[in-house]
Amino acid sequence: MHPDVEQILLTDEQIAQKVEELAKQLNEAYRGKEVICVSVLKGSAIFFADLVRKLDFCVHFEFMIASSYADSTVSSGILKIKKDIDQPIAGKHILIIEDILDTGNTLFKLKKELLSRRPASLAVCCLLDKPSRRTVEFRPDYVGFTIPDQFVVGYGLDYNENYRHFPYIGVLKPECYKK
C-alpha cells in the first residue's frame, strides 16, 4: 500500500469480480446490439479497458474528456468538454462508462448533451457511486460499488493526476489533498 493511502477500500480482486458482474449485466442488456461505449477520460480508462474486453456484443470505442472538477476536489458545476466524441451518435446505442459518480454534475450535463444528439438509447455505467455527495438528481443505470464519502484514488482515479496507477482503490490521506 502506498504511504499516501489511508486504507484500501476495494482490492484488485474485488474490482475484477465486480467488472465480471457488470459485464454479464451489460451482455444481457445489449445482446445482439451494436453499442458505442464512451470512456470519460482520464479516470475511466482502466475500468473501460477491463470492462469492454468482457463484452460479447458489437462494441465501438469513443473517448471524451469532460469534467466539472478541473484541479480541485470540489465540483465547479460547469461542464467542460475538452475532447468530444468523433462520430455522430443519432440513432445509435450509447453506453457511457465512468469511473465515479460523485456530485452528479458532470454526468448529468454530459448525459443531457449526448441525449440532445438523439441516440437510440443512452445508459451510464459507473464503477463507483457516492450518493451522499449528489447535488443533482442522477442515477446511473449500472453501478459497481456504492461507497462512502471518502476521497478515493487508484484504478484510474486520481488527485491532481497522481495515484491513477494503483491496482486497488484506496482512501487518500486528507493531508495529501487539504493543503
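Caption draft 1: Region of interest: the packing of aromatic side chains. Per the stated rule, a full pass over the model turns up 9 aromatic pairs. Centre to centre, the rings of Tyr30 and Phe57 are 5.4 Å apart; their planes meet at 45°, and the pair counts as tilted. Taken as a pair, Tyr30 in the loop between helix H1 (12-29) and strand E2 (34-41) and Phe57 in the loop between helix H2 (45-52) and strand E3 (58-67) lie far apart in primary sequence, 27 residues in all. Exposure remark for Tyr30: the relative accessible area of 5% places this residue in the buried category. A ring pair is formed by Phe166 and Tyr168, whose centres lie 5.2 Å apart and whose planes are at 20°; its orientation type is stacked. Judged on exposure class, the residue Phe166 and its partner Tyr168 are both buried. Ring pairing ties together the aromatic residues Phe48, Phe61 and Phe63, which thus form one cluster.

Caption draft 2: Quick look at the environment of Lys82. Looking at where Lys82 falls in the secondary structure, it is placed in strand E4 (residues 80-83). In sequence terms Lys82 and Ile65 are 17 residues apart; their C-alpha atoms lie 5.2 Å from each other.

Caption draft 3: Looking closely at the sheet that holds strand E1 (residues 5-10). The sheet built from 3 strands is open, its strands ordered E1-E9-E8 with antiparallel pairing. The strands lining the two open edges of the sheet, one partner per strand, are E1 and strand E8 (152-153). Two strands pair when backbone bridges link them, and E1 and strand E9 (residues 169-172) are joined in this way by 4 bridges, in the antiparallel orientation. Considered in E9, the bridge of Gln7 is made with Val171.

Caption draft 4: Here's a closer look at the nonpolar core. Counting 30 residues, the largest nonpolar core has Leu26, Phe47, Leu51, Leu95, Leu128 and Ile169 as the members making the most contacts within it. Examining the composition of this core, we find that 5 residues originate from one element, H1, more than from any other. Those residues in contact with Phe47, other than ones at most four positions away along the chain, are Val19, Leu22, Ile97, Glu98, Cys125, Cys126, Leu127 and Tyr155. Residues Ile94, Leu107, Cys126 and Phe138 belong to the second largest nonpolar core, which totals 17 residues.

Caption draft 5: Region of the structure containing unusual backbone geometry. Residue Lys42 is reached from Leu41 by a cis peptide bond, and omega for that bond is 5°. Its place among the elements puts Lys42 in the loop between E2 and H2. For Tyr155, which is not a glycine, the phi torsion comes out positive at approximately 50°. Checked against the element boundaries, Tyr155 lands in the loop between E8 and E9. Taking the relative accessible area as the measure of exposure, Tyr155 reaches 6% and is therefore buried.

Caption draft 6: Local environment of the pattern of salt bridges. This structure, assessed with the given rule, holds 12 salt bridges. Between Lys54 and Glu20 there is a salt bridge; the shortest N-O distance is 3.1 Å. Of this pair, Lys54 sits in the loop between H2 and E3 while Glu20 sits in helix H1; the two residues are 34 residues apart in sequence, bridging distant segments of the chain. Here Glu20 falls in the partly exposed class, since its relative accessible area comes to 36%. Residue Asp86 is joined to Lys83 by a salt bridge in which the shortest nitrogen-to-oxygen separation is 3.3 Å. Take Lys83: its relative accessible area is 26%, and that puts it in the partly exposed class.

What counts and what doesn't
Residues numbered from 1 in each chain as written. Predicted model: local features only at pLDDT ≥ 70, side-chain atom pairs only at ≥ 80, totals over all residues. Heavy atoms only, no water. Phe/Tyr/Trp six-rings, centres within 6.5 Å; stacked < 30°, edge-to-face > 60°. Helix = DSSP H or I, 4+ residues; strand = E, 2+ residues; numbered from the N terminus. Buried < 20%, exposed > 50% of the residue type's maximum accessible area, 1.4 Å probe, protein only. Pairing = 2+ DSSP bridges. Core = buried A, V, L, I, M, F, W, Y, C linked by side-chain atoms within 4.5 Å. Contact = heavy atoms within 4.5 Å. Salt bridge = Lys/Arg side-chain N within 4 Å of Asp/Glu carboxyl O.

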